[in-house]
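# Structural features, examined
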Amino acid sequence: MIKVGQGFDVHQLVNGRKCIIGGVEIPFEKGLDGHSDADVLLHAISDAILGAAGLGDIGKHFPNTDPSIKNIDSRNILKKIVLLLHEKKYSIINIDATVICELPKLTPYIDRMKNNIASDCNIEINAVNIKATTTETLGFTGRGEGIAAQAICLVESD
């Protein structure tokens, strides 16, 4: 059986935090605010994987009320979600994701993001596609108030 899941996430840009997207620290004057490292891309991908397998969402498995996971590396979240996926006898066919922001410019980091995601999901790099786009200065992403990401994941039962 083949199933699809989609994910969406948003985090506010704030001073005093690192900007981590796709498991890559991006040099930027602001970072993403959240209970974890606030990696908006990995959170959207995690939700897409969970959705495809019918396992709820990231907040169900990693609630922001849990002090034991404060500042958790989102790559660890993704790895744990992939383990849950495998326990349900699913494997990932492909992941396609888009990060939405005016700044920082992400093109120089996309290959590293793809490598991280492929490695953490135990899939080939050609099964991961990451895009970056802007909203042409419209909305909260256009004003530089936050960054959004959306993802889709196709899985098949083993």
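Anyway, here's the lowdown on the structure attached to this text. (Residues numbered from 1 in each chain as written. Predicted model: local features only at pLDDT ≥ 70, side-chain atom pairs only at ≥ 80, totals over all residues. Heavy atoms only, no water.)

For helix α1 (residues 40-52), with 13 residues, the first-to-last C-alpha span of 18 Å sits near the 18 Å given by 1.5 Å per residue. Along α1, 12 of the 13 residues are buried, which leaves the element largely enclosed by surrounding structure. Positive phi shows up at G54, right after α1, with a value of about 70°. (Helix = DSSP H or I, 4+ residues; strand = E, 2+ residues; numbered from the N terminus. Expected span 1.5 Å × (residues − 1). Buried < 20%, exposed > 50% of the residue type's maximum accessible area, 1.4 Å probe, protein only.)

What follows covers the pairing of strand β6 (residues 128-133). Pairing of strand β5 (residues 90-100) with β6, which is carried by 6 bridges, proceeds in the parallel orientation. Bridge pairing in β6 places I100 opposite T133. In this fold, the crossover linking β5 to β6 by way of helix α4 (residues 110-121) has right-handed handedness. (Pairing = 2+ DSSP bridges. Right-handed = clockwise from strand over helix to strand, strands pointing away.)

This paragraph deals with the pairing of strand β7 (residues 146-157). Along a regular strand, successive side chains alternate from one face of the sheet to the other. With 11 bridges connecting them, strand β1 (residues 2-14) and β7 associate as antiparallel partners. If you follow F8 over to β7, its bridge partner there is Q150. With 10 bridges connecting them, β5 and β7 associate as antiparallel partners. Considered in β7, the bridge of D96 is made with I152.

Viewed as axis vectors pointing N to C, α1 and α4 meet at an angle of 35°, and their least axial separation amounts to 12 Å. Of the two possible hands of crossing, α1 and α4 adopt the one that is right-handed. Contact residues: L41, L42, I45 and I49 in α1; M113, I117 and C121 in α4. The residue inventory of the contact of α1 with α4, partitioned by class, reads 7 nonpolar, no polar and no charged. (Axes fitted to C-alpha atoms, helices over the stretch in contact; angles between N-to-C directions. Left-handed = near helix turned anticlockwise from the far one by under 90°. Contact = heavy atoms within 4.5 Å. Nonpolar A, V, L, I, M, F, W, Y, C, P; charged D, E, K, R; others polar.)

For the structure on display, the rule yields 5 salt bridges. One salt bridge in this structure joins D120 and R75, with 2.6 Å as the shortest N-O distance. Pair noted here: D120 is in helix α4 and R75 is in helix α3 (residues 74-87), with a separation of 45 residues, a long-range link. A salt bridge links K131 to D96; its shortest N-O distance comes to 2.7 Å. One end of the pair, K131, is in strand β6; the other, D96, is in strand β5, with 35 residues separating them in the sequence. The class for K131 is partly exposed, based on a relative accessible area of 32%. Via salt bridges that share partners, R75, K79 and D120 belong to a single interconnected network. (Salt bridge = Lys/Arg side-chain N within 4 Å of Asp/Glu carboxyl O.)

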